[in-house]
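Each chain, letter by letter, is given below.
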Amino acid sequence: MTDPGLIAADVWQKVQSAAASTENVATAAVNASTADFNAQFLASALRVGGDAQYFEESISPTTVKNELSTADPSNPTYTATMLRGMKWLLASLSKGRDVSDFFPHVVKLVEAKSLEVRKMVYVYLVRYADHDVTCRELSLLSINSFQRGLAAPEPLIRALALRVLSSIR
């Protein structure tokens, strides 16, 4: 800064006052943005977001069963419903629950247009294809669907279809 002896004392006080005021405003802005960031970070850490919600008990199995039974695999408007149901089923499966009761509803989703839904359906079917007599019978009845999966243009779907077929005894 300039030597205070070169400018008038009152001007010097105004400059120092303005500098202090600017510093206070800047400090307040930084503190407010830091507080705002911390509040947002804490809220996002406490909020269950993304697919983690499927690991909670907030969705009833009856609701999922109804959604999967009414979903039309050939209609793309039901993709969100099928995704929600399959994510809940796979989350429950990973928690160690027996969700084999959903097998008939999941088998019909093999023909879904969504690649993501089909991948989850095949993962579920590999797990439960040989679970009990009912699941084995339904698996055998749906072999045509799995064979159509072998002719799919997507290599992952072909691989998963082959995996399901090899899981059926």
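Criteria and thresholds
- Residues numbered from 1 in each chain as written.
- Predicted model: local features only at pLDDT ≥ 70, side-chain atom pairs only at ≥ 80, totals over all residues.
- Heavy atoms only, no water.
- Helix = DSSP H or I, 4+ residues; strand = E, 2+ residues; numbered from the N terminus.
- Contact = heavy atoms within 4.5 Å.
- Areas by Shrake-Rupley, 256 points an atom, 1.4 Å probe, with all protein chains shown as cover.
- Buried < 20%, exposed > 50% of the residue type's maximum accessible area, 1.4 Å probe, protein only.
- Arc of directions from axis to C-beta.
- pLDDT = per-residue confidence, 0-100.
- Axes fitted to C-alpha atoms, helices over the stretch in contact; angles between N-to-C directions.
- Parallel < 35°, antiparallel > 145°, perpendicular 65-115°, else oblique.
- Left-handed = near helix turned anticlockwise from the far one by under 90°.

Asker: Even after reading the chapter, I still don't get the overall build of the chain, so can you show me in this structure?
Answerer: Looking only at helices and strands, the chain features 8 helices and 0 strands. Beginning at the N terminus, the succession of helices and strands in the chain can be written as α-α-α-α-α-α-α-α. In the chain, once contacts between residues fewer than 6 apart in sequence are set aside, the share between residues at least 24 apart is 62%. Accessible surface, the chain: about 10300 Å² in total, of which carbon and sulfur atoms supply 57%.

Asker: Looking at this structure, how should I read helix α7 (residues 143-150)?
Answerer: At 3.6 residues per turn, the α-helix brings residues three or four places apart onto the same side. Those residues of α7 that sit buried are Ser 145, Phe 146 and Gly 149. Burial along α7 is one-sided: seen end-on, the buried residues are contained in an arc of 100°. Where α7 is buried, its residues contact α5 (115-128), α6 (133-141) and α8 (155-167).

Asker: How should I be thinking about the confidence of the model for the chain in this particular structure?
Answerer: For any part of a model where pLDDT is low, the fine detail of the predicted coordinates should not be relied upon. Across the chain, the average pLDDT comes to 74, with 68% of residues at 70 or higher. Every residue in residues 41-48 scores below 50 in pLDDT, and together they form 2 contacts with partners more than four places removed in sequence or on other chains.

Asker: Help me out: how do you make sense of the packing of α5 against α8 in this one?
Answerer: Each pair of packed helices can be summarised by the angle the axes make with each other and by the distance between the axes. Remark: α5 packs on α8, axes separated minimally by 9 Å, with the N-to-C direction vectors making an angle of 20°. What the angle tells us is that α5 and α8 run roughly parallel. The element α5 and its partner α8 pack so that their crossing is left-handed. Residues Leu 115, Arg 118, Lys 119, Tyr 122, Leu 125 and Val 126 of α5 pack against Leu 156, Ile 157, Leu 160, Ala 161, Arg 163, Val 164 and Ser 167 of α8.

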